[in-house]
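# Per-entry structural report
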Amino acid sequence: MATAVQKIVLSSARDIPFNKLVLSQSNIRRVKAGVSIEDLAASIARRGLIQSLHVRPVLDGEGQETGMFEVPAGGRRYRALEMLVKQKRLNKTAPVPCVVGATDSGILMEEISLAENDERVPAHPLDQYRAFQAMRDKGMTEEDIAAAFFVDVNVVKQRLRLASVSPALLDIYAEDGMELKHLMAFTVSQDHARQEQVWETIRNSWQKEPYHIRRMLTETTVRASDKRAVFVGIDAYEAAGGVVMRDLFESDDGGWLQDVGLLDRLVSEKLTTIADEIATHGWKWVEAAVSIPYGVAHGLRAIKGVPLDITAEEQATSDALQAELDRLTAEYEDADELPDEIDQRLGEIEAALDALDERPVRYAPDEIAIAGVFVSIDADGSLSVDRGYVLPEDERPVEVAADETPEDEVDPETGEIRTPAVQRAVITIGGQPVQTEEEDEDNGIKPLPERLVIELTAHRTLALRNALAENPHVAMTMLLHKLLSDTFIHTNPTGCLEANVRHIFFSAQSEELKDSPSAQAVNDRHERWGDHVPADDQALWDWLTNLDDGTRMELLALCVSYGVNALFERPNPYSGSGVSQHGLDVRMAQADRLARATGMNMVVAGWKPTVGNYLGRVTKPRILEAVREGAGERAAQLIDHMKKGDMAKEAERLLADTGWLPEPLRMSDDTAPADAQPAVPVGGDEELPAFLADDGEDDDLAEAEDDEPAAMIAAE
């Protein structure tokens, strides 16, 4: 005979006046956690009591009900209601929905309290992200959502951005297939297909750091800190329809500009507008480009302008600023640290005084008619305008008789005097290196590309020139060596020095060459002497005659330095033109000897391996070889699985302070200069970044994101 199943009887529910309720001492909550009582009270005031209280009748000493009810489960809701009553926002007799438990059930109130809290399952974070998204889709603004849930509006923006990631990746996150920090990294891009592609690439790899995801998602974009972006302005770029990718969870330095083609077009248009405006001032030509190569003005005559006189108003402003600067300097001269506002004001005053000192220059109209202007963008994104250069072909011809006309000025077909051609402003956008597709890699180390070797030796040649100009004794020895060789040993090749000091230009050069310390030193030295050297031949002779020996030696070193040629070039086996292999060997050997004699070292000269000047231009085996030599085998092993672009960027970081040099910048008879040995011992990892110095375990990898605790909390 079947046994009847005993039916469960649920506790009854009814409304009980609030003043009939008391908080039970059997409530197990003792530690503050979750939403504050204040926020819970505000939620009840906005939405009402969403969940009923669980209560039991209070019995007297004889076991009879007293009409009061104690609350073992729902204590925080009770305290929130109590707060509303004290604020007189809720009547003390207001009915409260309650579930009334039986006093004779045999279940302890502590069990009820613990079960209510223990059985409550919080929603998955993704449910909240999607709920925020649904509320926004139904008309609530981000500010409304933030106010409703008592959070900062930026938290709402972050969670909405998380909900906008590819649905496929959200499903993986919901199933705990990826961590929150990975989901945050994917929010950088709105391209769902690209997000999924990146995940497929890294999902089975141990390297899933968020920085790696961000780099893969932004590898075809331009940083907002790029000089082109700063020059155009983010507002102008966005107004033209450009999209800026931003990271809401990390400092992104302004974000990434997604439409590189649009950015380059805006740069070209702005440069063209500026060039056209400059051309209206009467200049014969204006050459504009994103970057003007180093040495482009060599061989051109620079015309001198006359600075405009300062006005009375400008002088009064300058005096007032100088007086304020003197007062603040005297007031805070003994302070260990300047207050922020004073430090900022001092910077503003100095900038204003510098602007007043930079006087506008007036040029003679007849000089403007034959001279031109270089327009480019500085490294910080500001406009660079370099005025007043005359091409050799634009120099005024020697005056002839009135009835004579030079033959080259007469058109042979018409017999008429040619009208001088005026070169229009020309804008070329070529300052940025062209990115090529990543080449297939093999296990062997290929020779360095010829253009890269030429660029590297251009760096070395410039550093050698600077070193030679600072060593007159070596310059004299070198010049005498060359002159004696030409006089007595006629079969010697040209070698490293052009004895007639023919200025050697660099056919290939990296963009950073013009900003290098060597280039700045050479330019400064040339400009310093250029103001003193007389233009007239006899005056120059007389001036030299009256100079002391020390000054003459300094000038000799300066002039001889321009003839230094340590450039690599492809040997010509037929010796018809160019340099032979023997001549190239002699040139490089003499360059090494000159480096030793002057104490020149490329590390001290400021050269460091970067993605642009070396690491992004060579094969992966070459990158690994560089890291192995400079930072140790451990560092090389930690990046050997990366794609070439990421490997080059990490190698730049690892080699930054090691003093490592590629072969063309080393002495030919040594592996590296003595003072350029790796700062990190081979095999060591003391200087490795935290994310590369771990053992590869997932828990350890998480430590790479220790700098984003605030972002993590905001999203959970």
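Residues numbered from 1 in each chain as written. Predicted model: local features only at pLDDT ≥ 70, side-chain atom pairs only at ≥ 80, totals over all residues. Heavy atoms only, no water.

This paragraph deals with the overall build of the protein. The helix and strand inventory of the protein stands at 27 helices and 15 strands. Counting over 716 residues, the protein shows a buried share of 39%. (Helix = DSSP H or I, 4+ residues; strand = E, 2+ residues; numbered from the N terminus. Buried < 20%, exposed > 50% of the residue type's maximum accessible area, 1.4 Å probe, protein only.)

Turning to the sheet that holds strand 1 (residues 12–17), a few remarks are in order. The five strands are arranged 1-5-3-4-2 in an open sheet whose pairing can be described as mixed. Edge positions in the sheet fall to strand 1 and strand 2 (21–23), since each has one partner strand and no second. Within the sheet, the average angular offset between the axes of one strand and its neighbour, ignoring direction, is 50°. Pairing between strand 3 (residues 53–59) and strand 4 (residues 65–73): four bridges, direction antiparallel. Bridge pairing in strand 4 links Arg56 to Glu70. (Pairing = 2+ DSSP bridges. Axes fitted to C-alpha atoms, helices over the stretch in contact; angles between N-to-C directions.)

The next subject is the pairing of strand 3. Among the seven residues of strand 3, five are classified as buried, and the element is accordingly described as predominantly covered. Here strand 3 pairs with strand 5 (residues 95–100) via three bridges, running parallel. Following the sheet pairing, Leu53 is matched in strand 5 by Cys98. What sits between strand 3 and strand 4 in their antiparallel hairpin is a turn of five residues, with Gly63 showing a positive phi close to 85°.

Moving on, we come to the sheet that holds strand 7 (residues 244–245). Overall, antiparallel pairing links the three strands, which are arranged 6-8-7 in an open sheet. Since the sheet does not close on itself, it has two edges, and those belong to strand 6 (222–223) and strand 7, each with one partner. Summarising the sheet, strand 6 and strand 8 (residues 256–257) pair through two bridges and their orientation is antiparallel. Paired with Arg223 across the bridge in strand 8 is Trp256.

Under the local residue numbering, the UniProt record ascribes the feature "coiled-coil region" (unreviewed entry) to residues 311–338. Secondary structure over residues 311–338 splits into 71% helix and 0% strand, and the C-alpha atoms at its two ends are 33 Å apart. (UniProt positions renumbered as here; feature names shortened; annotations may be inferred.)

This next bit is on unusual backbone geometry. Phi at Lys88 is positive, roughly 60°, even though this residue is not glycine. Tracing the backbone through its elements, the reader meets Lys88 in the loop between helix 2 (75–86) and strand 5. In this structure Lys88 comes out as exposed when scored by relative accessible area, which is 75%. At Asp176, a residue that is not glycine, the phi angle is positive and equals roughly 60°. Under the relative-accessibility criterion, Asp176 is labelled exposed at 63%.

Another point: the pattern of salt bridges. According to the stated counting rule, one finds 23 salt bridges in the structure shown. For the salt bridge of Arg265 with Glu269, the shortest nitrogen-to-oxygen distance reads 2.8 Å. In this pair, Arg265 and Glu269 both sit in helix 13 (residues 260–279), four residues apart, roughly one turn of the helix. For Arg265, a relative accessible area of 41% translates into the label partly exposed. With a shortest N-O distance of 3.0 Å, Arg617 and Glu455 are connected by a salt bridge. Highlighted residues: Arg617 in the loop between helix 22 (581–598) and helix 23 (620–631) and Glu455 in helix 17 (residues 450–469), separated in sequence by 162 residues. Overall, the relative accessible area of 28% leaves Arg617 in the partly exposed class. If you follow the salt bridges from partner to partner, you end up with Arg136, Glu142 and Lys157 in one network. (Salt bridge = Lys/Arg side-chain N within 4 Å of Asp/Glu carboxyl O.)

Residues Asp336, Glu337, Asp340, Glu341, Asp343, Glu350, Asp354, Asp357 and Glu358 make up a contiguous surface patch of negative charge. Secondary-structure assignment places Asp354 in helix 15 (residues 340–357). (Patch = residues over 30% accessible without salt bridge, like charges linked within 9 Å, V, L, I, M, F, W, Y side chains within 5 Å. Areas by Shrake-Rupley, 256 points an atom, 1.4 Å probe, with all protein chains shown as cover. Lys, Arg positive; Asp, Glu negative; His and termini not counted. Charge placed at Lys NZ, Arg CZ, Asp CG, Glu CD.)

The tally for this structure, following the rule as stated, stands at six aromatic pairs. Arranged with centres 6.3 Å apart and planes meeting at 70°, the rings of Phe186 and Trp199 form a pair that is edge-to-face. Of this pair, Phe186 sits in helix 8 (residues 180–186) while Trp199 sits in helix 9 (residues 192–202), and the two are 13 residues apart along the sequence. In terms of burial, Phe186 and Trp199 fall into one category: buried. Pairing Trp285 with Phe374 gives two aromatic rings, centres 5.2 Å apart and planes at 70°, and the pair type is edge-to-face. (Phe/Tyr/Trp six-rings, centres within 6.5 Å; stacked < 30°, edge-to-face > 60°.)

Turning our eyes to something else, we now look at the packing of helix 9 against helix 10 (residues 210–218). Look at helix 9 against helix 10: their axes get within 10 Å of each other, and the N-to-C directions meet at 135°. By the angle between their axes, helix 9 is oblique relative to helix 10. The handedness of the crossing between helix 9 and helix 10 comes out as right-handed. For the pair helix 9 and helix 10, the contacting residues are Arg194, Gln195, Val198, Thr201 and Ile202 in the first and His212, Ile213, Met216 and Leu217 in the second. For the contact of helix 9 with helix 10, the class distribution of residues is five nonpolar, three polar and one charged. (Parallel < 35°, antiparallel > 145°, perpendicular 65-115°, else oblique. Left-handed = near helix turned anticlockwise from the far one by under 90°. Contact = heavy atoms within 4.5 Å. Nonpolar A, V, L, I, M, F, W, Y, C, P; charged D, E, K, R; others polar.)

What follows deals with the environment of Gln509. Its location among the elements puts Gln509 in the loop between helix 18 (472–488) and helix 19 (517–530). It is 8.5 Å that separates the C-alpha atoms of Gln509 and Arg451, two residues lying 58 residues apart in sequence. Apart from residues no more than four positions distant in its own chain, Gln509 is found in contact with Pro293, Tyr294, Arg451 and Glu455.

Of all hydrophobic cores here, the largest spans 44 residues; its most connected members are Leu464, Leu468, Tyr614, Val627 and Ile639. If you tally residues by element for this core, the top one is helix 17, at seven residues. In this view, Leu468 contacts Val474, Ala475, Met478, Ala557, Val560, Ser561, Val564, Leu594 and Thr598; residues no more than four positions away in its chain are not counted. Ala275, Ala288, Ile303 and Ile368 belong to the second-largest nonpolar core, a separate cluster that totals 29 residues. (Core = buried A, V, L, I, M, F, W, Y, C linked by side-chain atoms within 4.5 Å.)

Taking 1.5 Å per residue, twelve residues should reach 16 Å; helix 25 (residues 644–655) reaches 16 Å between its end C-alpha atoms and fits that length. Of all the positions in helix 25, only Lys644, Asp646, Met647, Ala648, Glu650, Ala651, Leu654 and Leu655 are classed as buried. (Expected span 1.5 Å × (residues − 1).)

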